[in-house]
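# Tertiary structure, described
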Amino acid sequence: MLTLERFRIALALCLPVLISLGPACASEISAAQGLTFAVTTVDRSTFHLVARPASTAPPPASPFVVQTGNWPGATMQQSASGALVQTPDGTLRVGRGGALSLSGSGTALVPSGSISVANGVITLRLPHNPAERFYGAGNESENHAGSLMHPSGNQIISNGVTRIPFLWSTGGWSVFVANNQMGGAWHDENGVLTWTLPGPTLDLYLSVAPSGYGLLDAFSRLTGRAPIPPRWTFGFMLSRWGYTDGADVQDKWQQFRDRKIPVDSFEYDYDWFDNDWIINRKLFPEGSFAKMKRMGLHFVGIRKPRINGSALDYARSQGWVLSSPYGTDLRFDLPAARTWWWSHQVPLVQEAVDGWWNDEAEQTYDEFFQMSQTEWDGWRAMSPRRAWSINRAFAPGIQRFGAATWTGDIDSSWGTLSNQPGTMLNWSLAGMPYVGQDIGGFQGTPTPDMYARWMEEGAFVPVMRAHGTYNSPRWPWAFG
């Protein structure tokens, strides 16, 4: 039991430079190459190490993690050679010269690693058992899953491809680079995993666990648990770009019911709104959404990070717009911009919206993440209903905002269909549990046989959603 007196003793031990084993607190040491290392633990499985230039202040906490405190069950020791932090599950040693080692349950996992910096590039070397294999990261490219193993790769977030800087090993350890920036790359050769990334800081998490399940569980604790989605999101979703008018919209609702084809929600593309956040009354005249709810259907509307017209002019005047590459995307990382943007979504939620379809937010590494957080925070502040969104790519931790993903604007082809299970499995092994795809493919129109097989595959996917490009039908009865 932690009495007040014991707490005072623990606090006193954390204030001076540590010279002996004591309760958990951050251990900061001066190191070679002008670096400072800060070492701590976030729980019994996960160690946190930040390397930064000695002349700079500590970097802000990564937005991708939720565990940021010092776990009280760890012990630390600092000496002339470096720092040691130990939990019941493992031990991390960091030397002043940049050496590091990681062990779990008494077994050396990374026996002789190192951190170095040269020409503004940080290099992390992690020697390991050469028989180990690495999973996580993400898929190879749009339309292509690639291998489930990732001995090499680079960080990317784009249409149809996501690779995040998180790998877990069959040897019982994982590495996550939590820097909020692009440019990281890794390769594994001859039993050495080498990671490079732009400086000046390295925000590193190392976890230990006896299995892949345990390592993914540790990553989920670190970046935030995915809440259970709304029940209706487990049903069939029909997405469409290209309705003519309100009669066309409502005809599709009725045809699904008349044909006794199960459907729980409809996703609407560009044409559901005007001027960023005004409902298009040609497609949805007054009373449409009340009828939709009476039919047991849910509405999901597309959202883009870009804004237009007078809204864009105002956001630019406030300094709220990303300068590149398009100069039209809102900066969702700015609290004032988020509050302003969400204020325009509130009437849409009140009248119609049950979930969001977020698209084209790949201009920065964290754009989908910040956009989803804005929707989650705003939604939870105004409604007890479960918040949900589906996104074209993801960053670590986005799952804690009720976010799902789909595999992008994929081709309508047999080869692409065959790659979808691997892509979604790769994303799941990278910490994204709720994944889906455009059933039938987005680019092109599938044959009846291809569509039937894609529907069969889609029934076993967490998010079962059909979609295609402009005016390309995805109604099941369009294929015979």
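This structure is a prediction, so every number in the text was calculated from the model and none was measured.

Calculation rules
- Residues numbered from 1 in each chain as written.
- Predicted model: local features only at pLDDT ≥ 70, side-chain atom pairs only at ≥ 80, totals over all residues.
- Heavy atoms only, no water.
- Helix = DSSP H or I, 4+ residues; strand = E, 2+ residues; numbered from the N terminus.
- Rg over C-alpha atoms; globule rule 2.2 N^0.38 Å.
- Buried < 20%, exposed > 50% of the residue type's maximum accessible area, 1.4 Å probe, protein only.
- Contact = heavy atoms within 4.5 Å.
- Areas by Shrake-Rupley, 256 points an atom, 1.4 Å probe, with all protein chains shown as cover.
- Lys, Arg positive; Asp, Glu negative; His and termini not counted.
- Salt bridge = Lys/Arg side-chain N within 4 Å of Asp/Glu carboxyl O.
- Polar contact = N/O pair within 3.5 Å; in protein donor to acceptor, adjacent residues only side chain to side chain.
- Core = buried A, V, L, I, M, F, W, Y, C linked by side-chain atoms within 4.5 Å.
- Phe/Tyr/Trp six-rings, centres within 6.5 Å; stacked < 30°, edge-to-face > 60°.
- Pairing = 2+ DSSP bridges.
- Right-handed = clockwise from strand over helix to strand, strands pointing away.
- Axes fitted to C-alpha atoms, helices over the stretch in contact; angles between N-to-C directions.
- Parallel < 35°, antiparallel > 145°, perpendicular 65-115°, else oblique.
- Nonpolar A, V, L, I, M, F, W, Y, C, P; charged D, E, K, R; others polar.
- Expected span 1.5 Å × (residues − 1).
- Bend = angle between axes of the 7 residues up to and from the residue.
- pLDDT = per-residue confidence, 0-100.

The next point concerns the overall build of the protein chain. The number of helices and strands found in the protein chain is 9 helices and 28 strands. In terms of overall dimensions, the protein chain is globule-like: its C-alpha atoms have a radius of gyration of 25 Å, near the 23 Å expected for 480 residues. Overall size of the protein chain, expressed as C-alpha extent along the three principal axes, is 75 × 50 × 45 Å. The proportion of buried residues among the 480 residues of the protein chain is 57%. When contacts within the protein chain are restricted to residue pairs at least 6 apart in sequence, those whose partners lie at least 24 apart make up 68%. Within the structure as shown, the protein chain displays about 19,200 Å² of accessible surface, and the carbon and sulfur contribution to it stands at 56%.

Along the chain, Glu 367 falls in helix α7 (residues 367-382). Here Glu 367 is buried and forms no salt bridge, its nearest opposite-charge partner Arg 306 lying at an N-O distance of 8.7 Å. Within the structure, the side chain of Glu 367 is placed 2.8 Å from the backbone nitrogen of Gln 363, a separation counted as a polar contact. If sequence neighbours within four positions are ignored, Glu 367 has contacts with Pro 305, Leu 322, Asp 329, Leu 330, Glu 360, Ala 361 and Glu 362.

Now for the nonpolar core. Among the nonpolar cores identified, the biggest contains 94 residues, and Phe 266, Tyr 268, Trp 272 and Phe 284 are the most heavily contacted of them. Top contributing element to this core by residue count: helix α6 (residues 335-351), with 6 residues. Not counting the four nearest positions on each side in its chain, Phe 284 is found in contact with Val 249, Trp 253, Tyr 268, Trp 272, Ile 279, Phe 289 and Phe 299. One finds Leu 49, Ala 51, Leu 193 and Val 208 within the second-largest nonpolar core, a separate group that totals 36 residues.

Right, let's talk about the packing of aromatic side chains for a bit. The full count for this structure, using the stated rule, is 36 aromatic pairs. Taken together, a centroid distance of 6.3 Å and an interplanar angle of 70° make the contact between Phe 234 and Tyr 434 edge-to-face. With a gap of 200 residues between them, Phe 234 in the loop between α2 (212-223) and β19 (237-240) and Tyr 434 in the loop between α8 (414-429) and β27 (435-436) connect regions that are remote in the sequence. On the accessibility criterion, Phe 234 (46% relative accessible area) is partly exposed.

Here we take up the environment of Asp 203. You can see Asp 203 is positioned in strand β18 (residues 202-208). In this structure the C-alpha to C-alpha distance between Asp 203 and Ala 38, which are 165 residues apart in sequence, comes to 9.8 Å. When near neighbours in sequence (up to four residues on either side) are disregarded, Asp 203 contacts His 48, Leu 49, Val 50, Ser 62, Phe 176, Val 177, Ala 178 and Asn 179.

A separate point is the pairing of strand β24 (residues 355-358). Regular strands place side chains that alternate from one sheet face to the opposite one. Burial along β24 is two-sided: the face carrying Gly 355 and Trp 357 and the face carrying Trp 356 and Asn 358 are both buried. Note: strand β23 (residues 298-303) against β24, 4 bridges, orientation parallel. Opposite Arg 303, over in β24, you have Asn 358 as the bridge partner. Once the chain exits β24 it traverses α7 before rejoining the sheet at strand β25 (residues 389-391), and the crossover so formed is right-handed.

Here Asp 43 lies in the loop between β3 (35-41) and β4 (46-53). For Asp 43, a relative accessible area of 7% translates into the label buried. C-alpha of Asp 43 to C-alpha of Gln 67: the two residues are 24 residues apart in sequence and 8.1 Å apart in space. Of note is the side chain of Asp 43, whose polar atom sits 2.9 Å from the backbone nitrogen of Thr 46. In terms of polar contacts, Asp 43 uses its side chain to reach the side chain of Arg 221, at 3.0 Å.

Further remarks concern the packing of α8 against helix α9 (residues 448-458). Viewed as axis vectors pointing N to C, α8 and α9 meet at an angle of 10°, and their least axial separation amounts to 10 Å. In terms of axis orientation, α8 runs roughly parallel to α9. Only Asp 449, Met 450, Arg 453, Trp 454 and Glu 457 of α9 make contact with α8, whose side of the interface consists of Trp 414, Thr 416, Leu 417, Gln 420, Pro 421 and Met 424. Tallied by class, residues from the contact of α8 with α9 come to 6 nonpolar, 2 polar and 3 charged.

What follows covers α6. Under the 1.5 Å per step criterion, the end-to-end length of α6 is 25 Å for 17 residues, consistent within 8% with the ideal 24 Å. At His 344, α6 shows its largest kink, close to 30°, and the proline Pro 347 lies no more than four residues downstream. Among the residues making up α6, those that are buried are Ala 337, Arg 338, Trp 340, Trp 341, Trp 342, Gln 345, Leu 348 and Val 349. In this structure, the buried side of α6 is in contact with β22 (278-279), β23, α5 (309-317), β24 and α7.

Turning our attention to the sheet that holds β24. Across the sheet, which stays open at both edges, the 8 strands sit in the order β27-β26-β25-β24-β23-β20-β19-β28 with parallel pairing between neighbours. Two strands in the sheet have a free side with no partner beyond their single neighbour: β27 and β28 (465-466). Direction of pairing for β19 relative to strand β20 (residues 265-268): parallel, over a ladder of 4 bridges. Paired with Arg 240 across the strands is Tyr 268, a residue of β20. Most of the contacts of helix α3 (residues 246-258) go to β20, to which it runs at about 155°, and overall it touches β19 and β20. Helix-sheet contacts for α6 involve β23 and β24, and the interaxial angle to β24 is about 130°.

The next thing to look at is the confidence of the model for the protein chain. Residues shown with low pLDDT carry predicted positions that ought not to be read at fine detail. Per-residue pLDDT for the protein chain averages 93, and the proportion of residues at 70 or more is 95%. Predicted confidence for residues 1-22 stays below pLDDT 50, and this span has 23 contacts to residues more than four positions away or in other chains.

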